[in-house]
Each structure stands twice: as structure tokens, then as C-alpha cells.
Amino acid sequence: MDVRVGVRVEGVVQGVGFRPFVHGLATGLGLSGLVGNDAGGVFIEVEGAPDEVGRFLDGLRTRPPRLALVERVTTRELDAVGRGGFAIVGSDASGERRALVSWDAATCDDCLREMRDPGDRRHRYPFINCTGCGPRFTIVTGVPYDRPNTTMAGFAMCGPCAAEFGDPADRRFHAQPVCCPACGPSLAMRPHAGEPLEAAAAVLAEGGVLAVKGLGGYHLAARAADAGAVAALRSRKHREDKPFAVMVPDLEAARGLCELPEAEEALLTGPRRPIVLARRRPDAALADGVAPGDRSVGLMLPYTPLHHLLVTEPIVLTSGNVSDEPIAYRDEDALERLAGIADAFLLHDRPIHTRTDDSVMRTFRGRPLPVRRSRGYAPEPIPVPAGRPVLACGAELKNTFCLARDGRAFVSHHIGDLENHETLRAFEEGIGHLRRLFGIAPEVIAYDPHPEYLSTKYALDQDLPGIAVQHHHAHIASCLADNGATGPVIGVAFDGTGYGTDGTLWGGEFLVADLRGFERAGHLEPVPLPGGAAAIREPWRMAAAYGVPDDLPVARRPGWDAVTAMARRGVNAPPTSSMGRLFDAVAAVLGVRDRVNYEGQAAIELEQCADPAETGAYPATLSGTTGFTVPGGEIVDAVVSDLKAGVPVPVIAARFHNGVAALVVDAASRIRSETGIGTVALSGGVFQNMLLLDRAVSGLTDAGFDVLTHHRVPPNDGGISLGQAAVATACG
């Protein structure tokens, strides 16, 4: 006896070929019914034999289209109406909007085959796409997600494209960016004439710097093996040491540059196509200036048709900006701002609506570990506790914001450091755009309590009830939400600085936390931060703050005596418990780095020089009873002692890392004995250090702990907004 079932599918199920997929699945099983879009997602009615209907429902959940994200499938029984055909029906735009917009996806294999086929009408067309790939989030201007509400609105479809768009059997059925050479965007080259791709390739071949308009903004490109071109790009961009990313034409080329475990290859070749930080081969054919002194290289594969056509050898592909500025994405702005950097511009006439940087990922024990979550990931939702609609404003550095409603948290694309007007404007515009896109009207606003953060000032200017979420609590809450947990946990939050509840600068914190609150169980013993922000730029100041002997090479810095006196008197030297600053002090003592050109540089280079085979560790004492402190000076003294004894720097660096990892285990064990909590959450930018993370997780696991680490949002401040949103929703 036939049954008829009403089905609702929620998630990223519009603009991804879901209705044609449903049509094919149903007809293949001999079922009748209908499918359509509405404000909540996809609605279906399906009728047939019970076993076949069951297979249909299983297929919805387990075999969705490439870009679909099925969050929930619900069913209800209906009265059978008799067998007939299966139809795709018109959309219903009424009701509260809950349907989601897909992230931008790398060019699919089907489109690549067409693009490479001389007989295809889209042969070598740099904007080919279908429901399985192409621009989404970067081109959406409003809702519903229809072509008039994208930056493709100005391109009227030709007859053949319109026929594909309207054919349910075609993979371009309702692919909103569908186009071809006759009706879609086109390339242009400035100031060169002639065929744009050929002219662009010539600029690169001649050692020039090329500005390329991509999916979410402009990139600057140069041949990665050309030392002169890379040096010119560094000089013009004012980027002294920070590594460049490299785009390679295919996986074989990637393997020639880096050692790639299976998990890294999967990230590189998947539809999201982030930059993947991979271990560099000693014989990699890259200019030294690509990643100075770094064992890793940020690799990515082409993710747009234009990249596939342009990239025939490894090229540096870095954000189109001057160092510390936001990436350029509007044409006239790019032509003005990048004129002093680029020798030529490869442009196109499809506007970018949302500026979106490339995502950056590591892998840790087979899972992704985000460093920057942006293109290819935003605005995919992350589950959080259900509660009032929330806007979480994030941190000052590596800013993202987050909108949450009905158990979904939408962490924004990477905004950047809120240190200039352009970035702040991108932050404000992005909030407005996502609010409209997902129909979210916040009823509460969450923010960091640091009074000088621009994100905090923005929050306090809004006419909404507010909740201040302490920085390190937000880190741990972010790790909880990342893992679908609510706590309580032992939270270890290690970073550079964060505003503490006592008004001092925290950063080496051991918390007992859940989503509703936290207690500070222990912390690194505070030391002065001589010169405030100057100590972050000049790690040698932290060596002075820790009172290292004056006969060390680091003490020969001009101003050493003045800085040590500043630290001793506490004048312009606020106290900090920062673990990041302890790493800085050790890097300076060892002569690894005493002045940085980008955030975290000293700690990164300290990790790079550590001997991974060394198993020794510097011990640290846990002092106190009700709330313990850890004298970081003990560890610094051990470093100094070994240095004076002639122990090699790589061995000392490894012992330091091992000592910090052992400290994590000792502190967690002490807290477990007092609370009975057996789960540890690790968060904060210091846990991007893979050596420390690996040693800490191994030690905790061996000690019987369950360990939570990040895999969907970064452990750094890019994940803070998710933590704020999770706390705000949990607190109701």
C-alpha cells in the first residue's frame, strides 16, 4: 500500500541544485510528488511504496549535492492521492526566512571539463559555473537568493543560458550566476592591450607583479621561484617577513613543494580550497623570500576558472593591499591603492559585494585546525544553544562578528584588525548585510569588556541590551561551541593579551568554565609589560621584564637599563599574565627574535627552531592553594641556565615547549582533583603552535583527560565572536 509523506529540509539547500537532485532521486525510485523552495528551505511531498520512500529519505540525508548542508529533515504523514509524476513547483517566498546561502565553492570537475573542451561553448571561459560550484556569498546582495539579488543582476542571460537555467534536468537549473562568453562577465587588462590572459602571463613571466581580481577581492601575484619578483613584491607591499601564500596549478605541483599527509591533500583538493600550511620540502623550488626562515608554506590550488587558466607554475598569491590594510575589492579603489605595487591589473566586470579573504588552515591529527576562517567557509552556520537572537561583536584583532538565532551561529568572514576606518566600515557593513541576508534582528549584543576595542565601542553605541563576555571565557566558550559541548570543562586559554575582570591584562589562564560562566582557577604569575604595546613589538622588553641577567646578549639592546627600570618601578608597565609574552621573552633570550614585524612572529620562529626529538622539559611550580599561580620566571631562569651552559638553542627551545605542555597537564590535574572535571578545552592563539598543541594533547590524554581542540573556528581571536554568541545565548 502506498504512503505519502510531507518532508521539510533545512540548511544550505537553495542555489545548490537540491531540487533537481530531489527530482532525480524520486524518479529513480519510481516515486511521485513535488518539490519546491520556500523561506524555510525545501518542501517535498513524496508518494510510493514504504520501502522506496524510506530509501528516498535516507538519500536526502546521506547523498546531498556537493554544496548542500542538510541540517535537519523532518517528515509528516499525508493522505495518499494516487500515483502521478514528480514535479518541481514554484517557490513560496512568504514566511520567516530560515533558508541559508552557500559559501563560495571551487570550480567543479564538470565545469573544468567543459572549460578545457575546444568544442564547448564555454571553452576557456573564466567565469564558468553551475549549481555545484562558483560564487555565492561574495556576490549575494539581498534575499531571496535569486539572480536580481546578486552582482550578476546586470548580466542578462542569453537564450542558451536561459534554457539551461530553466531545465530541471540540467545541472545549471536555477544556478543564479550562470553565464557564458556571450552574456557574462569578461576580462580586461590594464594598462596592456591584447588578449588579457596572454598579457597577464607575460607580466608574470617577465618578473612583474600582477594584481588579479579574484572571487572575494584583489590578489597580488608574482612567480614564486623568481627571487627578484618576490623581493619587489615584499618591498612595495611593506611586508618584511610575514610568509606569502603560494598557488600551484595542481596536486602534483603541490607535492613537489611540500610533504602532504592525506588530511592536507583532502583540504587542498576539496571544494572549499583554503590556504593549507604544509611542511616545505628542503629542495622546494621557491625563492627564499616566499617564507623566510619558515619550515612551512601556505599552499592553495586554483579555486576559480580564472586561476585554472592563469596559474601554470607556482605563483605567490597574496592579499591585494598594503600591509595592515583591508584587501581591496572595488575596482577603482584597487586601481588607486595598488598602483604603487602592481605593474599591471587583470580585472573583470563582475562586482564583488562582500570582501572575503582566503581561509587559512592547518591540520592536527587528521582534522582541520583553522587559522583564518573566511572564503569557502563563511557563512556556514555552527550549532549553538537556542536562545534570543544575538549579535556578538568579536575582538579587536583578527575580528569576526557573529549573528545567532534559533540554535544557529553565523560567524562572519574574516574582517581583520579594527585599527583603521576602512576595516571598521567593513565590520559595520558586514553586520548589516548578514542581518538582512538571514533575517536576524538581534535582541541582545555581546562584546569584549576591553573599553578601548572598537568592536566594544560599536556595541555600546547600539540600542540593545548588552552582555560583556570576558576575553578568555569567550575563548573557552568558542572551543565548547566548536565541539558541540556546553561544559563544565577545565579551560586553558593561552594568548597574547585579554582584558581581565580585575582590570589587568590576562593571557595565561586556567579556568573552570561552562557557557554560562567561569572561575579563574589559576594563571601565569603577572609580570610588567614595559612600554605597553611597545613590548609586543619588541620582545626584548619582555626579557627585561623577567629580569634576565645583564651579561646576556639580549641585554645589549639600546635602552635596556631604562626598560628594566621601567619594569621594576611599574611605570608605563601594566601587569600581564600573558603566555604569549612569556614565549616572546624566551625567543629574545635565545636570540631567535627580539623585534617583530607581525603578530606572533617571535613565538612562531621559536617553534620553528625547536628540536622535535628533544624530550626534556623545564619544570614549573604551581604556587598557592585556592587559586594557584605559575612563576614564569622559573622557566626563564632554566632557559638562561642552559644557555650559559652551552646547550644548543634548538634543544632549549624544545625543552621550553615541553615544559609549557607539562605545565598544562599539571595544572589540569590539580583542578581535576579539586573539581572532578575530566575534560580540558584548549584555546587562544598560542595553541596555533603545533609543537605545543601536540605535546599538550598527548600529555593530557596520557593523564586520562578528554581534550577539546578547535576544528571549525580558529583558536585565535577569530573565534572570539562565536564564544561570545554561545555565552549570550546560553545565558538567555
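Here, the structure is the one placed above.
Read on for an overview of the structure. (Residues numbered from 1 in each chain as written. Predicted model: local features only at pLDDT ≥ 70, side-chain atom pairs only at ≥ 80, totals over all residues. Heavy atoms only, no water.)

### Quick look at the overall build of the chain
For step 1, the next point in the chain: Per the secondary structure count, the chain includes 22 helices and 30 strands.
For step 2, the next point in the chain: For the chain, the C-alpha radius of gyration of 27 Å lies close to 27 Å, the compact-globule estimate for 732 residues.
For step 3, the next point in the chain: With the principal axes as the frame, the chain shows a C-alpha extent of 85 × 60 × 50 Å.
For step 4, the next point in the chain: For the chain, the proportion of its 732 residues judged to be buried stands at 59%.
For step 5, the next point in the chain: The contacts in the chain between residues at least 6 apart in sequence include a share of 71% that link residues at least 24 apart.
For step 6, the next point in the chain: Total accessible area computed for the chain in this model is approximately 26,500 Å², and 50% of it derives from carbon and sulfur atoms.
For step 7, the next point in the chain: Across the chain, 71 positive and 89 negative side-chain charges occur, with their mean positions spaced 2 Å apart. (Helix = DSSP H or I, 4+ residues; strand = E, 2+ residues; numbered from the N terminus. Rg over C-alpha atoms; globule rule 2.2 N^0.38 Å. Buried < 20%, exposed > 50% of the residue type's maximum accessible area, 1.4 Å probe, protein only. Contact = heavy atoms within 4.5 Å. Areas by Shrake-Rupley, 256 points an atom, 1.4 Å probe, with all protein chains shown as cover. Lys, Arg positive; Asp, Glu negative; His and termini not counted. Charge placed at Lys NZ, Arg CZ, Asp CG, Glu CD.)

### Quick look at the environment of V140
For step 1, the next point in the chain: Relative to the assigned elements, V140 resides in the loop between α3 (109–115) and α4 (159–165).
For step 2, the next point in the chain: Sequence-wise, V140 and V7 are 133 residues apart; in three dimensions their C-alpha atoms are separated by 27 Å.
For step 3, the next point in the chain: Residues within four places of V140 in sequence aside, it is in contact with V101, Y145, N149, T150, H353, H433 and L437.

### A few points about the sheet that holds strand β4 (residues 69–78)
For step 1, the next point in the chain: Read from one edge to the other, the open sheet built from five strands follows the order β4-β1-β3-β2-β5, with strand pairing classed as mixed. What marks the edges here is a single partner per strand, and that holds for β4 and β5 (86–88). Strand-to-strand, the axes of this sheet are offset by a mean angle of 15 degrees, without reference to chain direction.
For step 2, the next point in the chain: One ladder, built from seven bridges, connects strand β1 (residues 3–12) with strand β3 (residues 41–48); its direction is antiparallel. Each residue of the ladder has a partner; that of V9, found in β3, is V42.
For step 3, the next point in the chain: Running at roughly 175 degrees to β5, helix α1 (residues 18–28) makes contact with β1, β2 (32–38), β3, β4 and β5 of the sheet. (Pairing = 2+ DSSP bridges. Axes fitted to C-alpha atoms, helices over the stretch in contact; angles between N-to-C directions.)

### Observations concerning the pairing of strand β11 (residues 275–280)
Consecutive side chains along a regular strand alternate between the two faces of the sheet.
For step 1, the next point in the chain: Sheet topology note: the strand β10 (residues 258–259)/β11 ladder contains two bridges and is antiparallel. Bridge pairing in β11 places C258 opposite R280.
For step 2, the next point in the chain: As judged from the two bridges shared by β11 and strand β15 (residues 360–364), these two strands associate in the parallel manner. Looking at β15, one finds that V276 is bridged to M361.

### Some remarks on the state of the cysteines
For step 1, the next point in the chain: In the structure shown here, the tally under the stated rule is zero disulfides.
For step 2, the next point in the chain: Among the cysteines around C111, which has no disulfide bond, C133 carries the closest sulfur, lying 3.7 Å off.
For step 3, the next point in the chain: C111 sits in the buried class, given a relative accessible area of 0%. (Disulfide = S-S within 2.5 Å.)

### Here's the deal with α1
For step 1, the next point in the chain: Listed as buried for α1 are F18, R19, P20, F21, V22, L25 and A26.
For step 2, the next point in the chain: Each element contacted by the buried residues of α1 is listed here: β1, β2, β3, α2 (50–62), β4 and β5.

### With respect to helix α12 (residues 454–461)
For step 1, the next point in the chain: Every buried residue of α12 is listed here: S455, T456, Y458 and A459. On an axial view of α12, the arc spanned by its buried residues comes to 160 degrees, and they lie on one face. Residues L460 and D461 are exposed on α12 and point more than 90 degrees away from its buried face. (Arc of directions from axis to C-beta.)

### Looking at the sheet that holds strand β19 (residues 402–405)
Hydrogen bonds between backbone groups are what pair the strands of a sheet, and the pairing can be parallel or antiparallel.
For step 1, the next point in the chain: Strands sit in the order β17-β20-β19-β18-β21-β22 across an open sheet of six strands; the sheet is mixed. A strand with exactly one partner marks an edge of an open sheet, and here the two such strands are β17 (382–383) and β22 (466–468).
For step 2, the next point in the chain: With three bridges joining them, strand β21 (residues 444–447) and β22 adopt parallel strand pairing. Looking at β22, one finds that I445 is bridged to G466.

### Comments concerning unusual backbone geometry
For step 1, the next point in the chain: Here the amide bond leading from R190 into P191 is cis, since omega sits at 0 degrees, within 30 degrees of zero.
For step 2, the next point in the chain: With respect to the helices, strands and loops of the structure, P191 is situated in the loop between β6 (187–190) and α5 (196–205).
For step 3, the next point in the chain: With an omega dihedral of 5 degrees, the bond running from G487 to P488 counts as a cis peptide bond.
For step 4, the next point in the chain: Position of P488 relative to the elements: it lies in the loop between α13 (471–482) and β23 (489–499).
For step 5, the next point in the chain: With phi around 60 degrees, R124 is a residue other than glycine that occupies positive phi space.
For step 6, the next point in the chain: Within the fold, R124 resides in the loop between α3 and α4.
For step 7, the next point in the chain: A relative accessible area of 44% means that R124 is categorised as partly exposed.
For step 8, the next point in the chain: Phi angles above zero are rare outside glycine, and K398 is one such case at about 50 degrees.
For step 9, the next point in the chain: Of note, K398 is situated in the loop between β18 (390–392) and β19.

### What to know about the packing of α13 against helix α22 (residues 720–730)
For step 1, the next point in the chain: For the pair α13 and α22, the least separation of the axes is 7 Å and the interaxial angle reads 85 degrees. When the axis of α13 is compared with that of α22, the two are roughly perpendicular. Within the contact between the two elements, α13 uses H471, H473, A474, H475, A477, S478, A481 and D482 and α22 uses I720, L722, G723, Q724, A726 and V727.
For step 2, the next point in the chain: For the contact of α13 with α22, the residue count by class is seven nonpolar, six polar and one charged. (Parallel < 35°, antiparallel > 145°, perpendicular 65-115°, else oblique. Nonpolar A, V, L, I, M, F, W, Y, C, P; charged D, E, K, R; others polar.)

### Observations concerning the pattern of salt bridges
For step 1, the next point in the chain: Taken as a whole and assessed by the stated rule, the structure comprises 41 salt bridges.
For step 2, the next point in the chain: Measuring nitrogen to oxygen at the nearest pair gives 2.8 Å for the salt bridge that ties E313 to R223. Within this pair, whereas E313 is found in the loop between α9 (305–310) and β13 (315–319), its partner R223 is found in strand β8 (residues 218–223), the two being separated by 90 residues in sequence.
For step 3, the next point in the chain: For E313, a relative accessible area of 28% translates into the label partly exposed.
For step 4, the next point in the chain: Looking at R223, the relative accessible area reads 21%, which means it is partly exposed.
For step 5, the next point in the chain: The residue R425 makes a salt bridge to E422 at a minimum N-O spacing of 3.0 Å. On the criterion of helical spacing, the pair formed by R425 and E422 is a turn pair, its members being three residues apart in helix α11 (residues 421–438). (Salt bridge = Lys/Arg side-chain N within 4 Å of Asp/Glu carboxyl O.)

### Overview of the packing of helix α17 (residues 579–589) against helix α19 (residues 632–644)
For step 1, the next point in the chain: Where α17 meets α19, the axes come as close as 10 Å, and the angle between the chain directions of the two elements is 15 degrees. When the interaxial angle is binned, α17 and α19 end up roughly parallel. Of the two elements, α17 crosses α19, and the hand of that crossing is right-handed. Residues L582, V586 and V589 of α17 pack against G632, I635, V636, V639, V640 and L643 of α19. (Left-handed = near helix turned anticlockwise from the far one by under 90°.)

### Some details on the packing of aromatic side chains
For step 1, the next point in the chain: Scanning the model with the defined rule gives eleven aromatic pairs in all.
For step 2, the next point in the chain: Ring-pair connections join several aromatic residues into one group, and the members of that group are F494, F510, F628 and F687.
For step 3, the next point in the chain: Geometry around F705 places R672 over its ring, the cationic atom sitting 3.8 Å from the centre. (Phe/Tyr/Trp six-rings, centres within 6.5 Å; stacked < 30°, edge-to-face > 60°. Lys NZ or Arg CZ within 6 Å of the ring centre and 35° of its normal.)

### Concerning the environment of P126
For step 1, the next point in the chain: With respect to the secondary-structure elements, P126 resides in the loop between α3 and α4.
For step 2, the next point in the chain: Separated by 54 residues in the primary sequence, P126 and C180 have C-alpha atoms spaced 9.1 Å apart.
For step 3, the next point in the chain: Beyond its immediate chain neighbours, meaning those up to four positions away, P126 contacts L187, P305, L306 and L309.

### Remarks on the side chain of R350
For step 1, the next point in the chain: Relative to the elements of secondary structure, R350 occurs in the loop between β14 (344–348) and β15.
For step 2, the next point in the chain: An unpaired buried charge is present at R350: no salt bridge exists, and D104, the closest side chain of opposite charge, is 7.3 Å distant.
For step 3, the next point in the chain: Sequence-distant contacts of R350, that is, excluding residues within four places in its chain, are made with F127, P135, I139, T151, M152, F155, P185, K213 and L215.

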